[in-house]
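What follows is the residue order along each chain.
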Amino acid sequence: MVNVPWLSVLWLVPLAGAVLVILLPPSLRQVAKWTGLVVSIATLAVSLVVAVGFKPGGDTYQFVEKRTWIPAFGAGYSLGVDGIALILVVLTTVLIPLLLVAGWNDSGGNKNPRGVHAYVALTLAIESMVLISVVALDVLLFYVFFEAMLIPMYFLIGGFGQGKDRSRAAVKFLLYNLFGGLIMLAAVIGLYVVTSQHGGGTFDFVRIVDDVRAGRLAGVDPAAFKAIFLGFMFAFAIKAPLWPLHRWLPDAAVESTPATAVLITAVMDKVGTFGMLRYCLQLFPDASTYFRPAIVTLAIIGVIYGAIVAIGQTDMMRLIAYTSISHFGFIIAGIFVMTTQGQSGSTLYMLNHGISTAAVFLIAGFLVSRGGSRKIADYGGVQKVAPILAGTFLVSCMATLSLPGLAPFISEFLVLLGTFNRYWVAAAFGVTALVLAAIYMLWLYQRVMTGPVAKGNEKIRDLVGREMVVVAPLLALLFVLGVYPKPVLDIINPAVESTMTTIGQHDPAPTVPMNGVPRKAEGPHQ
């Protein structure tokens, strides 16, 4: 097991599967679907091997692979996984088989002879690129696949979307993210120039972080580091997305198939928040601290903005898309408050948001495929004709509003706790989103599922076996992680502690009021 390059196998299996699927004859549509599903399950098996072999509390980066790539530029094929990356690896590999099953009939049928092949191959290609992005330990290697994943996603949105404006949404998605990538490319080059001025130029992430921590780059103008930080942050803020750079997401999610919308919000966008946690904080700790108040402010605005706009939506899928903008605000705030609770909560939130968003998007998609409309007003009384669909939708709605006992609650609680310890005003504003979330999700459920059966809804059928295969694991994970998140936190916490040490941050001491004057609480050794 030690000699097997598991991380290379992890991302090459879906890539090879994508090539295999696209080479199959056009007539073998069902074979293409089953091949993609088998490949995605094999990738999940590899990720479980990595997860089982990972030692919490061991080396920060495990399963490390280092090979020469472009020695003239100081770029290497360097891979490694820490606890944060491992969570996203498992999330990605768990969701992709479920998304392929959920989108079993989303590839255009007989209208496009190779539509099935392209749909499955593009999904596997995105999985491959997301996986190598989160395990890359070379900045240039990360950047290449961070940008490359935009191309297959563009074709999934524009080629297989179900909305009439899917082409416009695909172009909007591509332009936003390519512009962010262009700014990041300049920042990547700037980082190489900075390292070349203090020794040989390199893109080795671990080496650069060690140099920053040891003060070997202390002679660099702080303004240069701030500019480079902003280049990285800008690209990640678009991908995440952070308000006000979020405008591409609602259109892309609404015009896509439900499975592709989940691929965007639950899988691909997590690379943006992961990049903030790994690259922005660890490569540029001083710049991150300098811009921390501004970023936390934007994140909290996003939390409230996404929730308020969601309340006013008449399109079911667009409402769900805006909830993700609110949730990403929580994740980004937790990252940049730079407390252990905040960052642990954010990493756990990435996992829990992926699961809850997948559940609510897919179940809503199943309903829309039956009713033929995304308009909330076209539904009513669905629970009377499709009780299982309504019941599973209720659970996913409760998870989205962070009901205690379901997975998102503990991660949102940790983020708010970590935020309160450093910026209590921001936390106070963030808490208002809990009330707003209850409004938009419960009101959505009430309008769609309760009351008299709306005209045309009497023909809506309940979930079938294939759909239950998708929904059941997601709901099970929401319950299990809601009552027992400890195994996941045991993996996350050492990686968060390593990040906090790297950036030189410590949790602020709690304050207690004494005679009306806030004072720091004294510990036993003070």
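Residues numbered from 1 in each chain as written. Predicted model: local features only at pLDDT ≥ 70, side-chain atom pairs only at ≥ 80, totals over all residues. Heavy atoms only, no water.

Going by what an unreviewed UniProt entry lists, the protein is known as NADH-quinone oxidoreductase subunit M and is assigned to Mycobacterium paragordonae. You can read under Sequence similarities (unreviewed entry) in the UniProt record for the protein the words "Belongs to the complex I subunit 4 family." (UniProt positions renumbered as here; feature names shortened; annotations may be inferred.)

**Student:** Give me the lowdown on the overall build of the protein, citing residues and values where you can.
**Tutor:** Looking only at helices and strands, one finds 21 helices and four strands in the protein. Each principal axis of the C-alpha atoms in the protein carries an extent, and together these give about 70 × 65 × 40 Å. For the protein, with 526 residues in total, the buried portion stands at 59%. Across the protein, the fraction of contacts at a sequence separation of at least 24, relative to all contacts at a separation of at least 6, is 81%. Per element, the accessible surface of the protein, about 19900 Å² overall, is 67% carbon and sulfur. Each charge class in the protein was averaged separately, 34 positive and 26 negative side chains, and the resulting centres sit 7 Å apart. (Helix = DSSP H or I, 4+ residues; strand = E, 2+ residues; numbered from the N terminus. Buried < 20%, exposed > 50% of the residue type's maximum accessible area, 1.4 Å probe, protein only. Contact = heavy atoms within 4.5 Å. Areas by Shrake-Rupley, 256 points an atom, 1.4 Å probe, with all protein chains shown as cover. Lys, Arg positive; Asp, Glu negative; His and termini not counted. Charge placed at Lys NZ, Arg CZ, Asp CG, Glu CD.)

**Student:** Provide a residue-level description of the pattern of salt bridges, including the pertinent values.
**Tutor:** Per the counting criterion, the structure on display carries eleven salt bridges. One salt bridge in this structure joins Arg318 and Asp251, with 3.1 Å as the shortest N-O distance. Residue Arg318 is located in helix H14 (residues 316-336), and its partner Asp251 is located in helix H10 (residues 248-255); the two are separated by 67 residues in the primary sequence. Residues Lys486 and Asp490 are paired through a salt bridge, measuring 2.8 Å at the closest nitrogen-oxygen approach. Note that Lys486 and Asp490 are positioned in helix H21 (residues 486-502) at a spacing of four residues, about one turn of the helix. By relative accessible area, which is 45% here, Lys486 ends up partly exposed. A cluster of three or more residues bridged by salt bridges with shared partners is formed by Arg168, Lys172, Asp251 and Arg318. (Salt bridge = Lys/Arg side-chain N within 4 Å of Asp/Glu carboxyl O.)

**Student:** Outline the side chain of Ser373, supporting the account with residue identities and numerical values.
**Tutor:** Locating Ser373 in the fold gives a position in the loop between helix H15 (340-371) and helix H16 (382-385). A polar atom in the side chain of Ser373 sits 2.5 Å from the side chain of Asp378. Ser373 has contacts with Val368, Asp378 and Tyr379, leaving out every residue within four places of it along the chain. (Polar contact = N/O pair within 3.5 Å; in protein donor to acceptor, adjacent residues only side chain to side chain.)

**Student:** Explain the nonpolar core to me, and be specific about the residues and the numbers.
**Tutor:** In summary, soluble globular proteins display a tendency toward joint burial of nonpolar side chains. Formed by 194 residues in total, the largest nonpolar core has its most connected members in Phe232 and Phe336. Among the elements that line this core, the one with the most residues is H15, at 15 residues. (Core = buried A, V, L, I, M, F, W, Y, C linked by side-chain atoms within 4.5 Å.)

**Student:** Please provide a residue-by-residue account of the pairing of strand S2 (residues 75-81), values included.
**Tutor:** The buried count for S2 comes to seven of seven residues, which makes it a mostly enclosed element. Burial along S2 is two-sided: Ala75, Tyr77, Leu79 and Val81 and Gly76, Ser78 and Gly80, pointing in opposite directions, are all buried.

**Student:** Describe in detail the packing of helix H17 (residues 387-400) against helix H20 (residues 465-483), supporting the description with residues and values.
**Tutor:** Packing of H17 against H20 brings their axes to within 11 Å, and their N-to-C directions diverge by 35°. At the point where H17 passes H20, the crossing takes the left-handed sense. For the pair H17 and H20, contact is made by Ile388, Thr392, Val395 and Ala399 and by Met468, Val471, Leu475, Leu478 and Phe479, respectively. Across the contact of H17 with H20, the residue classes tally to eight nonpolar, one polar and no charged. (Axes fitted to C-alpha atoms, helices over the stretch in contact; angles between N-to-C directions. Left-handed = near helix turned anticlockwise from the far one by under 90°. Nonpolar A, V, L, I, M, F, W, Y, C, P; charged D, E, K, R; others polar.)

**Student:** Describe the packing of aromatic side chains, and please don't skip the residues or the numbers.
**Tutor:** In this description, an aromatic ring pair is defined by two values, namely the gap between the centres and the angle between the planes. Across all of its chains, the model carries 25 aromatic pairs by this definition. Consider the rings of Phe179 and Phe234, whose centres lie 5.7 Å apart with planes at 85°: the pair is edge-to-face. Of this pair, Phe179 sits in helix H7 (residues 166-196) while Phe234 sits in helix H9 (residues 222-239), placing them 55 residues apart in sequence. When its relative accessible area of 45% is taken as the criterion, Phe179 is described as partly exposed. Residue Phe234 is classed as partly exposed on the basis of its relative accessible area of 25%. Put simply, the rings of Tyr61, Phe142, Phe146, Phe205, Phe225, Phe229, Phe232, Phe236, Tyr279, Phe284, Tyr290 and Phe291 pair up and form one aromatic cluster. The aromatic ring of Phe146 is capped on one face by Lys239, whose charged end is 4.3 Å from the ring centroid. Stacked on the ring of Trp443, the Lys or Arg Arg447 has its end atom at 3.7 Å from the ring centre. (Phe/Tyr/Trp six-rings, centres within 6.5 Å; stacked < 30°, edge-to-face > 60°. Lys NZ or Arg CZ within 6 Å of the ring centre and 35° of its normal.)

**Student:** Explain unusual backbone geometry to me, and be specific about the residues and the numbers.
**Tutor:** In most cases, non-glycine residues show a negative phi, while peptide bonds are predominantly trans. In this structure, the amide linkage connecting Ala240 to the following residue, Pro241, adopts the cis form with an omega of -5°. Along the polypeptide, Pro241 turns up in the loop between H9 and H10. Here the residue pair Trp243 and Pro244 is connected by a cis peptide bond, since its omega of 10° sits within 30 degrees of zero. Position of Pro244 relative to the elements: it lies in the loop between H9 and H10. Of note, the phi angle at Met338 is positive, near 55°, even though the residue is not glycine. Mapped onto the elements of the fold, Met338 is located in the loop between H14 and H15. Phi is positive for Ser402, which is not a glycine, with a value near 60°. Residue position: Ser402 is located in the loop between H17 and helix H18 (407-422).

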